[in-house]
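Read off the chains here:
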Amino acid sequence: MEYRQLYGMKEKPSLLGFGCMRLPLLPGGGRGDIDYDRAQSMIDDAIANGVNYFDTAYGYLDGQSEIFVGKALKKYPRDSFYLASKLPMGQIDSYEKGIEIFNHQFEKLQVEYIDFYMFHGINKTVFTEKVLKFGLLDEMRKMKESGRIRNLGFSFHGSYEDFEYIMNYCDWDFCQIQYNYMDTEIQAGDRGVALAAERKVPLIIMEPVKGGSLASFAPAAEKIFKDYAPEKSLASWAVRWVAAHPGVAVVLSGMSTEEQVKDNLETFNHYVPLNAEEQGVIDQVVAAIRSSIRNGCTGCNYCMPCPFGVDIPRNFSIWNDYGMYNNAGRAKDNLNRLDADKWANKCAECGACEAACPQALPIREDLKKMFAEISAL
């Protein structure tokens, strides 16, 4: 296992971090019904192979993830692992609520300190209107001085401009961002990675496999990887790509099966940085994935609003995502998250959208194709 101690960090975390958002669940159970036996065995296997970084959050798995993690790690010496958790900004509407949840997390985790603590999922608006307005940044700094927090940072979901504002606001101990070889220009992206390196702020990377999408995608793209190295998993390419970037201290993997643990351990216990030829293979895959989109919608919104309520750009985004990654479960989930009144099948074929589309797309026909394909999954 590789360990990285960056920019003067006291801690030396394993390059592979165990994300505890997608733990195995009991058959037929809900999101909070963790299969304790399987999950414990997976964590034990990870620790036996050198993993020492475990990431959870207050709301993961209906609030049960922190409880499980606290129990699972209890049998290990406290100084043998690093624990990361997050303050759920979406649930906080006051200073008092923030402190109440913060204290509750320690009860759930059964620890006296948290090694890496974050303001969860923030952008500039959340940072200014909650973290700063409620005095939580100053309060968490005090918690760091008292030893209850060892490192203070933030997990980020927003634009690069928001990231730049937050990163430059103060001296952070670390930050956590979404980053993978398909998402280099969204959220913090390449520019965010470069800024963190410039500021000497260690990066924790989430979604390196894009929620599983980079472990299974369109056959043409998969063939490129398999022709080059048939013995390597698709996921291993994604995590190695992330790990090769400067300033990356931990690559998180939200493991839900024993097979995923085994595959990740195989990659990181024999970690080899990507060479130039392998980077070229990934570039080919990226091009192949992007060529698999179903239509050329750019999300410009010129077709909106639809007189009949159809969310045309969102429907096409779901369709194109399915075309690129061949992930049926994700496509169905994305469609179900969209209000049914905005589905493609509500199109009345008036044609107003096509008259406004700068790409001259056959929107009416494509909406029919989109709904037929996705609803049949």
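Our subject is the structure that appears above.
These figures come from a predicted structure and were not determined experimentally.

## Here we look at the layout of surface pockets
Leftover empty space is mapped by rolling, across the atoms, a probe with the size of a water molecule.
Step number 1: Here the largest pocket is characterised by a volume of approximately 1,300 Å³.
Step number 2: If you trace the largest pocket, you find 42 residues lining it, with Met21, Arg22, Glu207, Gly211 and Gly212 closest to the centre.
Step number 3: Mapped by element, the contributors of at least two residues to the lining of the largest pocket are strand E4 (114-122), strand E6 (174-178), strand E8 (248-254), helix H10 (258-269) and helix H13 (328-337).
Step number 4: Per-element accounting of the lining of the largest pocket gives the leading share, five residues, to H13.
Step number 5: Looking at the lining of the largest pocket residue by residue, the class counts come to 14 nonpolar, 18 polar and ten charged.

## Quick look at the environment of Met206
Step number 1: Tracing the chain through its elements places Met206 in strand E7 (residues 203-206).
Step number 2: On a C-alpha basis, the gap between Met206 and Ala276 in space is 24 Å, while along the polypeptide they are 70 residues apart.
Step number 3: With near-sequence residues (within four places) excluded, Met206 lies in contact with Ser155, Phe156, His157, Gln176, Ile177, Gln178, Tyr179 and Leu252.

## Quick word on the pattern of salt bridges
Step number 1: Using the criterion set out here, one finds 20 salt bridges in the structure.
Step number 2: Where Lys86 meets Asp55, a salt bridge forms, and the shortest distance between an N and an O atom there is 2.9 Å. Of this pair, Lys86 sits in strand E3 (residues 82-87) while Asp55 sits in strand E2 (residues 53-55), and the two are 31 residues apart along the sequence.
Step number 3: Judged by its relative accessible area of 0%, Lys86 is buried.

## Remarks on helix H12 (residues 312-325)
Step number 1: For H12, with 14 residues, the first-to-last C-alpha span of 20 Å sits near the 20 Å given by 1.5 Å per residue.
Step number 2: Burial runs high along H12: twelve of the 14 residues are buried.
Step number 3: On its buried face, H12 is in contact with helix H11 (276-290), H13, helix H14 (352-356) and helix H15 (363-375).
Step number 4: With a side-chain oxygen lying 3.1 Å from the backbone nitrogen of Arg314, the N-terminal cap of H12 falls on Asp311.

## Thoughts on the state of the cysteines
Step number 1: Under the defined criterion, the tally for this structure stands at zero disulfides.
Step number 2: In this model Cys300 remains outside any disulfide bridge; the closest cysteine sulfur is found in Cys357, 6.2 Å from its own.
Step number 3: Counting only cysteine sulfurs, Cys353 is the nearest neighbor of Cys350, a cysteine outside any disulfide, at a range of 6.0 Å.

## Points about empty space enclosed by the protein
Step number 1: All told, the structure shown has two cavities of 30 Å³ or more when counted by the stated rule.
Step number 2: In terms of residue count, the dominant contributor to the lining of the largest cavity is H12 (three residues).
Step number 3: Of the residues that constitute the lining of the largest cavity, the class distribution is eleven nonpolar, four polar and no charged.
Step number 4: By volume, the second largest cavity is sized at about 70 Å³.
Step number 5: Counted by class, the lining of the second largest cavity contains eleven nonpolar, one polar and one charged residues.

## A word on the side chain of Lys86
Step number 1: Side chain to side chain, Lys86 and Asp55 meet in a polar contact 2.9 Å long.
Step number 2: Among all residues touching Lys86, those that are not within four sequence positions of it are Asp55, Thr56, Ala57, Tyr58, Tyr60, Gln105, Tyr117, Met118, His120, Ser155 and Gln176.

## Some thoughts on the packing of H12 against H13
Step number 1: The contact between H12 and H13 brings their axes to 9 Å, and the two run at 170°. Relative to H13, the element H12 is oriented roughly antiparallel. Across the interface between the two elements, Arg314, Asn315, Ile318, Asp321 and Tyr322 of H12 pack against Ala328, Arg330, Ala331, Asn334 and Leu335 of H13.

## Things to note about the nonpolar core
Step number 1: Counting 92 residues, the largest nonpolar core has Phe18, Phe119, Trp172 and Tyr181 as its most contacted members.
Step number 2: When residues no more than four places from it in sequence are discounted, the contact partners of Tyr181 are Leu214, Phe217, Phe225, Ala238, Trp241, Ile282, Val285, Val286 and Ile289.

## Re the pairing of E7
Step number 1: Burial along E7 is two-sided: Leu203 and Ile205 facing one way and Ile204 and Met206 facing the other are all buried.
Step number 2: Here E6 pairs with E7 via four bridges, running parallel. Opposite Cys175, over in E7, you have Leu203 as the bridge partner.
Step number 3: With helix H7 (residues 189-199) bridging E6 and the parallel E7, this β-α-β connection has right-handed handedness.

## Describing the environment of Ala72
Step number 1: As for its position among the elements, Ala72 is in helix H2 (residues 65-73).
Step number 2: Of the residues examined, Ala72 reaches a relative accessible area of 0% and is grouped as buried.
Step number 3: Between the C-alpha atoms of Ala72 and Asp37, which are 35 residues apart in sequence, the distance is 9.8 Å.
Step number 4: Beyond its immediate sequence surroundings of up to four residues, Ala72 is in contact with Gln40 and Ile43.

Rules used in this analysis
Residues numbered from 1 in each chain as written. Predicted model: local features only at pLDDT ≥ 70, side-chain atom pairs only at ≥ 80, totals over all residues. Heavy atoms only, no water. 1 Å grid on protein atoms, 1.4 Å probe; cavity = no way out; pocket = protein on both sides within 12 Å on 5 of 7 lines; lining within 4 Å. Points joined across faces, edges and corners; volume = space filled by probe spheres on them. Helix = DSSP H or I, 4+ residues; strand = E, 2+ residues; numbered from the N terminus. Nonpolar A, V, L, I, M, F, W, Y, C, P; charged D, E, K, R; others polar. Contact = heavy atoms within 4.5 Å. Salt bridge = Lys/Arg side-chain N within 4 Å of Asp/Glu carboxyl O. Buried < 20%, exposed > 50% of the residue type's maximum accessible area, 1.4 Å probe, protein only. Expected span 1.5 Å × (residues − 1). Polar contact = N/O pair within 3.5 Å; in protein donor to acceptor, adjacent residues only side chain to side chain. Disulfide = S-S within 2.5 Å. Axes fitted to C-alpha atoms, helices over the stretch in contact; angles between N-to-C directions. Parallel < 35°, antiparallel > 145°, perpendicular 65-115°, else oblique. Core = buried A, V, L, I, M, F, W, Y, C linked by side-chain atoms within 4.5 Å. Pairing = 2+ DSSP bridges. Right-handed = clockwise from strand over helix to strand, strands pointing away.

Any link to function would need more than the numbers given here.
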